[in-house]
Amino acid sequence: SAGTCVSKMAAKAFKRFLPLFDGILVQRFEATATTKGGIMIPEKSMGKVLEATVVASGPGRTNEKGETVPLSVKVGESVFLPEYGGTKVVLEEKEYFLFREADILAKIQE
């Protein structure tokens, strides 16, 4: 199916794009353009989407002893982002953002 093909292409892109150290690549949730009642919301009124899904991450940061400290978030988890920041990365025509672990505000429990 087309969905499987797209996810395989995305997986291949992520295999080529591996964040270093405490880098975390996220995909922001889609902004909802309609309310529950079906009213369309103008794009400029929607505001920034501050929730995202982790799609790739580095091994962790290195401490003073040279040991790798693993990241506190894992691929597939939802996180809360700051309003500004992150580096935009385009892979397979989709937008992702690269943050450092310290920039991520919170992990969202499902």
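Given the structure is predicted, the values throughout are model-derived calculations rather than measurements.

A.B. asks: Would you take a moment to explain the overall build of the protein for this structure?
C.D. replies: What the protein contains, in helices and strands, is 2 helices and 8 strands. In the protein, the succession of helices and strands from N to C terminus is α-β-α-β-β-β-β-β-β-β. Accessible area for the protein stands at about 7800 Å²; split by element, carbon and sulfur atoms hold 56% of it.

A.B. asks: What's the story with the packing of aromatic side chains in this structure? I'm lost.
C.D. replies: The relation between two aromatic rings is expressed through the spacing of the ring centres and the mutual angle of the planes. Inspection of the entire model under this criterion finds 0 aromatic pairs. The positively charged end of Arg28 is found above the aromatic ring belonging to Phe97, 4.5 Å away from the centroid.

A.B. asks: Looking at this model, I keep getting lost on the nonpolar core. Mind explaining?
C.D. replies: For soluble globular proteins, nonpolar side chains are generally found buried alongside one another. Ile24, Val26, Ala52, Val54, Leu71, Val73, Val79, Leu81, Phe97, Phe99 and Ile104 form the largest nonpolar core, which has 11 residues in total. Mapped by element, the contributors of at least two residues to this core are strand S1 (23–28), strand S2 (51–57) and strand S7 (94–100). Leaving out residues up to four positions away in the same chain, Leu71 has contacts with Asp22, Gly23, Ile24, Ser57, Gly58, Pro59, Gly60 and Glu101. Listed in part, the 6 residues of the second largest apolar core include Val55, Ala56, Val89 and Leu91.

A.B. asks: Just to check I follow, could you spell out the pairing of strand S6 (residues 87–91) for this structure?
C.D. replies: Both faces of the sheet carry side chains from a regular strand, because those side chains alternate between them. Across 5 bridges, the pairing between S6 and S7 is antiparallel. From the neighbouring strand, Leu91 faces S7, where its bridge partner is Lys94. Following S6, the chain reverses through 2 residues before pairing antiparallel with S7; Glu92 in that reversal takes a positive phi of roughly 50 degrees.

A.B. asks: When you look at the sheet that holds S7 in this model, what are you seeing that I'm missing?
C.D. replies: Strand pairing within a sheet occurs via backbone hydrogen bonds; the two strands may be parallel or antiparallel. Ordered in space as S6-S7-S1-S2-S5-S8, the 6 strands form an open sheet in which the pairing is antiparallel. Each having just a single partner strand, S6 and strand S8 (106–108) make up the two edges of the open sheet. When the angles between neighbouring strand axes are averaged without regard to direction, this sheet yields 45 degrees.

A.B. asks: In this structure, what is going on with the pairing of S7? I would like to understand it.
C.D. replies: Sheet topology note: the S1/S7 ladder contains 4 bridges and is antiparallel. Bridge pairing in S7 links Leu25 to Leu98.

A.B. asks: It is not clear to me how the environment of Pro59 should be interpreted in this structure. Could you clarify?
C.D. replies: Inspection of the secondary structure assignment puts Pro59 in the loop between S2 and strand S3 (61–62). Sequence separation of Pro59 and Pro70 is 11 residues, and the distance between their C-alpha atoms is 6.2 Å. Leaving out residues up to four positions away in the same chain, Pro59 has contacts with Pro19, Leu20, Phe21, Thr68, Val69, Pro70 and Leu71.

The rules behind these values
- Residues numbered from 1 in each chain as written.
- Predicted model: local features only at pLDDT ≥ 70, side-chain atom pairs only at ≥ 80, totals over all residues.
- Heavy atoms only, no water.
- Helix = DSSP H or I, 4+ residues; strand = E, 2+ residues; numbered from the N terminus.
- Areas by Shrake-Rupley, 256 points an atom, 1.4 Å probe, with all protein chains shown as cover.
- Phe/Tyr/Trp six-rings, centres within 6.5 Å; stacked < 30°, edge-to-face > 60°.
- Lys NZ or Arg CZ within 6 Å of the ring centre and 35° of its normal.
- Core = buried A, V, L, I, M, F, W, Y, C linked by side-chain atoms within 4.5 Å.
- Buried < 20%, exposed > 50% of the residue type's maximum accessible area, 1.4 Å probe, protein only.
- Contact = heavy atoms within 4.5 Å.
- Pairing = 2+ DSSP bridges.
- Axes fitted to C-alpha atoms, helices over the stretch in contact; angles between N-to-C directions.

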